[in-house]
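Spelled out from the first residue to the last, the chains are:
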Amino acid sequence: MEDVKGSDGLGDTELRLGLPGTSTATRSAKRALPEGDEESHDELRRTSAAKAQVVGWPPIRSYRKNSFPGRKVEAEAAAGLYVKVSMDGAPYLRKIDLGVYKGYKELREGLDNMFKCFSLAELSRREGGSGSEYAITYEDKDGDLMLVGDVPWEMFISSCKRLRIMKGSEARGLNSRH
Amino acid sequence: MTYFPDEVVEHIFDFLVSHRDRNAVSTVCKAWYQVERLSRRSVFVGNCYSVLPERVMTRFPGMKCLIVKGKPHFADFNLVPHDWGGFALPWIEAAAHGCPGLEELRLKRMVVSDESLELLARSFPDLKALVLISCEGFSTDGLAAIATHCRSLRELDLQENEVEDYGRQWLSCFPDSCTTLVSLNFSCLKGEVNAGALERLVARCPSLRGLKLNRAVSVESLTRILDRAPQLVELGTGSLTVDHHSEAYRRMINTFHKCKLLRNLSGFWDVDPRCLQSVYPVCPNLTVLNLSYAPSIQGADQVKLIRHCFKLQKLWVLDCIGDKGLAVVASTCKQLQELRVFPSDIYGTGTAAVTEEGLVAVSSGCSKMNSLLYFCHQMTNAALITVAKNCPRFIRFRLCILDPGKPDPITNQPLDEGFGAIVQSCKDLRRLSLSGLLTDKVFLYIGEYAARLEMLSIAFAGDSDKGMIYVLNGCKNLRKLEIRDSPFGDAALLENVGKYETMRSLWMSSCDVTLGGCKALAAKMPRLNVEVINEGDESDEMEENPSDAHKVEKMYVYRTLAGPRNEAPDFVWTL
């Protein structure tokens, strides 16, 4: 497997719950600024979208969901682009529909929200790391484990079979596997 | 009692209405068991896999009404794989053989094939009522068979089923000789029915009391139907799209004026808010109103309507009614007993529709409230404590805060105290659904105070095994426990294994229970079916020799006399 893209600068080798190319600086700056209405509205929308992807939540019968015209309905697992998401050290296995995300940024935010709200930031803190020393990897059609973000989004969603959020230390070894 | 002849004992048993009472007397002695079983007319099977159908038929040969429930409740939310089970056919086959005099069949959350419906239609000449709730697997072909062959049919009630529409004119299959219909509900069907056939059917059934139409039925057709059936007590409208300037609209208003007996109103599919005035004449008499399928009605219009409904006992609305709208409900509907507020915008922009304020308002105004289903964006402990004080009569309390694990937004505390107040105050509470940020403490309260609790739904709650243990050790009337995404593991599962034989079922998904734990439970309790449900795909490690330490994704445990299922699909392992 080729080197992870953008591995030139030290900053880019820092492993965190983020995709190569994004920087933590921008993210934390955003959080520190007082949020205007529009921004919190967007944040709320993203949060809602991410949370909406938890299977079976909110607990509303499919019949009722389907009766609303023009709404995105929760498809059967076979019909949607559902993939399992596991996080090392977490007891929960989630399922998400890749089809609702427009790109890596939204996916990252969705996963961030999803696992954060299940107190996994707690877990990682307990284990001695900061809340962000994780990497998102995925298993593709051939069963290979790849870092998320390398290939164009469209190619990614068609080949991704399963997502795995793993500890930074394990992901570093990814290069040597292939 | 042994000195009384059987007929006298039987007559005394006739006064026992509930299934539980009849079950209880049947265990007193052999004589009573015999009298009871031969005179039992209505049988309720809460879990279709708890007993073999043949056994039920053998025990109750005089059975006239059979009620069976299939899939676990969380199947409603897509947590149970599609082909898990819950088939109606074995029950219908057994009944056809053992109780051909069956008059009523009520099924919930079961897979009902067209083949089953055809068998049903041909096997029971006295069939008077068929009620299917949240079922699937059948089509309009099956309905055509029912309409064609069930000569004594009085009630056909299809509630929220997934029905394939093959365009077969099933309604036209009711023969001209069918004049006995009392209740017909086809609101869940998507396709059109022949308007003429429907109107003629209504016209020839003078005893018709309840009619729930589907979306495809037009206003014109509705008007003609109501003209022929002004005696209706329950009505589910079809599509209420009509130009409010038109003649059709005027005719509809006139017709509604004639429906003096109308007490229950629902439907409102695709309604133009300006047409809502047409139902104002019937509002003062309504006891049940369901607006929950009408997202086009804004809060203000809902409120205008509800202001006329001062006798309302049951109200289902969408959350666009808002807190202010709920305040109007509180001041108008003093007889209100049941309120359900559904979310109108599940995936959208999260504009806060109802909050704790709306609930508090309703609780202050409607002291008779006993049943609640409330989807909201936030809840506070203070509000719940107030609600608990205002409405101590809750039997069902289901709160769903849309954001999982959300704390009290004002104090940032978990909602333990709020729910604790509810269980302490509402001594008759039978059903509870929790949400929001919750620690083990809430379960301590539930175990301690919720003595009459029968069904508990837990999601994203608790800190440790202790939470689940408090519940299992405390709630002595617990029948159904369903848990998802909570940190309860093997220690909790195995703490009180005998408890599960006193319960109907336990569901746990995305918790910390391991395969080893499930195996241990199965080994200790042979009269339970411990089902581990794996929706594995090829890349899943579970497929090849899973270790006992592996966490199970979904587990369903239930007491049974029937042993492990022999028709369970591959992904269901009964340990």
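Residues numbered from 1 in each chain as written. Chains lettered and ligands numbered in written order. Predicted model: local features only at pLDDT ≥ 70, side-chain atom pairs only at ≥ 80, totals over all residues. Heavy atoms only, no water.

For chain B, an unreviewed UniProt entry supplies the name Transport inhibitor response 1-like protein and the organism Musa troglodytarum. Recorded in UniProt under Pathway (unreviewed entry), the annotation for chain B is "Protein modification; protein ubiquitination." (UniProt positions renumbered as here; feature names shortened; annotations may be inferred.)

The name given to chain A in an unreviewed UniProt entry is Auxin-responsive protein, with the source organism recorded as Musa troglodytarum. What UniProt states about chain A under its Function (unreviewed entry) heading is, verbatim, "Aux/IAA proteins are short-lived transcriptional factors that function as repressors of early auxin response genes at low auxin concentrations." Here is the UniProt Sequence similarities (unreviewed entry) comment for chain A, exactly as written: "Belongs to the Aux/IAA family."

**Considering the overall build of chain B**
Across its full length, chain B holds 19 helices and 23 strands. Since a compact globule built from 575 residues should have a radius of gyration of about 25 Å, the 25 Å found for chain B is in line with a globular shape. On the principal axes, the C-alpha backbone points of chain B span a range of 70 × 60 × 60 Å. When burial is assessed residue by residue, chain B has 58% of its 575 residues classed as buried. (Helix = DSSP H or I, 4+ residues; strand = E, 2+ residues; numbered from the N terminus. Rg over C-alpha atoms; globule rule 2.2 N^0.38 Å. Buried < 20%, exposed > 50% of the residue type's maximum accessible area, 1.4 Å probe, protein only.)

**Looking at the nonpolar core**
Considering soluble globular proteins, one finds that nonpolar side chains tend to be buried as a cluster. Grouped together as the largest cluster of nonpolar side chains are 186 residues, with contacts concentrated most on Leu289(B), Phe397(B) and Ile446(B). Dropping the residues within four chain positions of it, Phe397(B) is found in contact with Leu372(B), Leu384(B), Val387(B), Phe419(B), Ile422(B), Leu429(B), Arg431(B), Leu432(B) and Ser433(B). Counting residues in hydrophobic clusters, the runner-up holds 36 residues, among them Val83(A), Val85(A), Met114(A) and Leu402(B). (Core = buried A, V, L, I, M, F, W, Y, C linked by side-chain atoms within 4.5 Å. Contact = heavy atoms within 4.5 Å.)

**Here we look at the UniProt feature "domain: COI1 F-box" (unreviewed entry) in chain B**
In the numbering adopted here, UniProt assigns the feature "domain: COI1 F-box" (unreviewed entry) to residues 3–41 of chain B. Summarising residues 3–41 of chain B: 67% helix, 0% strand, and an end-to-end C-alpha distance of 25 Å.

**Some thoughts on the packing of helix H6 (residues 114–123) of chain B against helix H7 (residues 140–149) of chain B**
All names here are of chain B. Interhelical geometry of H6 versus H7 gives an angle of 5° and a closest axis separation of 8 Å. In this view, H6 runs roughly parallel relative to H7, as classed from their interaxial angle. Only Asp141, Gly142, Leu143, Ala145, Ile146 and His149 of H7 make contact with H6, whose side of the interface consists of Asp114, Leu117, Glu118, Leu120, Ala121 and Arg122. Residues of the contact of H6 with H7, tallied by class, amount to six nonpolar, two polar and four charged. (Axes fitted to C-alpha atoms, helices over the stretch in contact; angles between N-to-C directions. Parallel < 35°, antiparallel > 145°, perpendicular 65-115°, else oblique. Nonpolar A, V, L, I, M, F, W, Y, C, P; charged D, E, K, R; others polar.)

**What about unusual backbone geometry?**
Along the chain, Trp57(A) connects to Pro58(A) via a cis peptide bond; the corresponding omega equals -5°. Following the sequence through the fold, Pro58(A) ends up in the loop between helix H3 (37–52) and helix H4 (62–66). Of note, the phi angle at Asp485(B) is positive, near 50°, even though the residue is not glycine. For Asp485(B), the location among the structural elements is in the loop between strand E19 (480–484) and helix H18 (490–495). Under the relative-accessibility criterion, Asp485(B) is labelled buried at 3%.

**Here we look at the environment of Gly191(B)**
Mapped onto the elements of the fold, Gly191(B) is located in the loop between strand E8 (183–185) and helix H8 (195–203). Once residues lying within four places of it in the same chain are set aside, the contact partners of Gly191(B) are Asp165(B), Asn214(B) and Ala216(B).

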